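As a plain string of letters, each chain reads:
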Number of protein chains: 2
Amino acid sequence: MRSRYDIQLRVPEVCRPSAMREGQINETIQEYIEGIYRLQQEVGRVATNEVAQYMGVSPASASIMLKRLAEMNLVEHTPYRGILLTDEGTQLAHQLLRIHRLTERLLTDIIGLPWNDVHDFACKLEHYIAPEIADKIAEALGFPATCPHGNPIDPTFDDGSWRLSDAVAGTDLLVIKITDERREFLEYIESLGLVPGAQVEVVSRTPFDGLIQINVDGKQHTIGPEVARYVWVKEPS
Amino acid sequence: MRSRYDIQLRVPEVCRPSAMREGQINETIQEYIEGIYRLQQEVGRVATNEVAQYMGVSPASASIMLKRLAEMNLVEHTPYRGILLTDEGTQLAHQLLRIHRLTERLLTDIIGLPWNDVHDFACKLEHYIAPEIADKIAEALGFPATCPHGNPIDPTFDDGSWRLSDAVAGTDLLVIKITDERREFLEYIESLGLVPGAQVEVVSRTPFDGLIQINVDGKQHTIGPEVARYVWVKEPS
DNA sequence: GAGCTTTTTTAACCTCATCTAAATTATACA
DNA sequence: TGTATAATTTAGATGAGGTTAAAAAAGCTC
């Protein structure tokens, strides 16, 4: 299963120090592209400051890196106007995301790590997993459809879900995926029982502040908009 | 199963670029320590030039790095006299080696990669696998005793084997492990059928050049000292 | 033990990816 | 439309880990 994700991913040289090389798609570049993709999914055109904040670096550093990414044709950068991934950048992001999600599945299903632990870990490993090896992993796992958080392994697949923050009161829904994968966030989500596959009843919504009263597993909870935004749901079929 | 390998391994920060930090046991340091350990197993006290050659860097770079390792108390460095791992360095090497070998097993047994491929790959992944996760991997694999090349998962375990280059003619032996894990070397070894677990008959030895006539699986081969040196054998029980 | 060779170390410099501080450019509002 | 504020970029450093070239120490050989 050679896949459609075929940008020249640079899996860094192994077994010798200082694998960094000039003008290559190295680990840092990959990390940025992945972050930018995620941001772009959330907000559309991405500002330098947003990249900086998301990547945990200073705006100055982000600015310099965005210039480099633009030179490499991975993003379109209009100075003072933010960026947009090019087709090439998007393709690379898809490739990385697929590897990332397969790695997460490997870590939960085979190694037995908890789902809230695997994201950070996969972030590091993904840079050293070539697409062909990802294919092998997919095979070994029986070609899973999603990562442990419910995101489709194939990043181009549209699962038809929407944000819980957009759901109307009085509906019964199915949790599809969680798109904030920070450990603490997932811990909270788990404490609510709001994991992929769970049934949620949207009991009511407040007219201000966007609070949502939900019912999961017979338990009532009130969640805020910040949480509801990253929980994706769908009509149960 | 908290193990006996408990040096403060620095698993670099995930999900953000530039994980390098001052004075920490980072990926590069780990790579050096592992390399030095392997060299030390082969040659005892290790010279700067040997480290440089093994790590694929200039002698100048190796010299500087050895000085740093000495400052970190991982090696004992007598200027112009080479180095020796300290107890702390040895312990770190053991820890890394255990993780490395478990990772290799994971890659062959679960992912289905060929045994000659996994070393390079494990070299990269090992730096991001904390000892507790290695414990999980060991458990998932059913606590294997060796890596795919036959090296004990527990680096302190003495398997009682010796080099095929030291074997006497006329003996029937069991291949225990291969300690040169370069892809091409392992490919050659495989083509001879000289894999861990195979039976070898040492037919004869030449008085000069150290050539060895062997019989594996009914096929005769002549191997040189460079190959025999990295094939370890034992009396079959 | 003098002088050549080899090994190791030091010196000076490079790239990558960060940083802070200062300078620009955009935006928003009076 | 001018000006305050916010966002972005540039300038100049830094640390890690390389490089080459030159200097220094050790080891041989006669």
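Our subject is the structure that appears above.
Read on for a plain summary of the structure. Everything quoted here is computed from the prediction, not taken from an experiment.

### Some remarks on the packing of helix α1 (residues 27-43) of chain A against helix α3 (residues 59-71) of chain A
Residues and elements named next belong to chain A.
Here is step 1 of the chain: Relative orientation of the contacting elements α1 and α3 amounts to 95 degrees, with a least axis distance of 11 Å. Classified by the angle their axes make, α1 and α3 are roughly perpendicular. Along the contact surface, α1 presents T28, I29, Y32, I33 and I36, while α3 presents S61, A62, M65, L66, R68 and L69.
Here is step 2 of the chain: Split by residue class, the contact of α1 with α3 holds eight nonpolar, two polar and one charged.

### What about the pairing of strand β7 (residues 219-223) of chain A?
Side-chain direction in a regular strand flips from residue to residue, so the side chains alternate between the two faces of the sheet.
Residue and element names in this part refer to chain A.
Here is step 1 of the chain: Here strand β6 (residues 212-216) runs beside β7; their pairing, made up of five bridges, is antiparallel. Note on β7: the bridge partner recorded for I212 is I223.
Here is step 2 of the chain: Where β6 folds back onto β7 in an antiparallel hairpin, the turn is made up of two residues, including D217, whose phi is positive at roughly 55 degrees.

### Overview of the sheet that holds strand β4 (residues 172-178) of chain A
Residue and element names in this part refer to chain A.
Here is step 1 of the chain: Ordered by their spatial adjacency, six strands build an open sheet running β3-β8-β4-β5-β6-β7, and the pairing between neighbours is antiparallel. In this open sheet, the two strands that pair with only one neighbour each are β3 (162-163) and β7.
Here is step 2 of the chain: Taken together, the two bridges between β3 and strand β8 (residues 231-234) define a ladder with antiparallel strand orientation. Paired with W162 across the strands is V233, a residue of β8.
Here is step 3 of the chain: Most of the contacts of helix α7 (residues 183-192) go to β7, to which it runs at about 145 degrees, and overall it touches β4, β6, β7 and β8.

The rules behind the values
- Residues numbered from 1 in each chain as written.
- Chains lettered and ligands numbered in written order.
- Predicted model: local features only at pLDDT ≥ 70, side-chain atom pairs only at ≥ 80, totals over all residues.
- Heavy atoms only, no water.
- Axes fitted to C-alpha atoms, helices over the stretch in contact; angles between N-to-C directions.
- Helix = DSSP H or I, 4+ residues; strand = E, 2+ residues; numbered from the N terminus.
- Parallel < 35°, antiparallel > 145°, perpendicular 65-115°, else oblique.
- Contact = heavy atoms within 4.5 Å.
- Nonpolar A, V, L, I, M, F, W, Y, C, P; charged D, E, K, R; others polar.
- Pairing = 2+ DSSP bridges.

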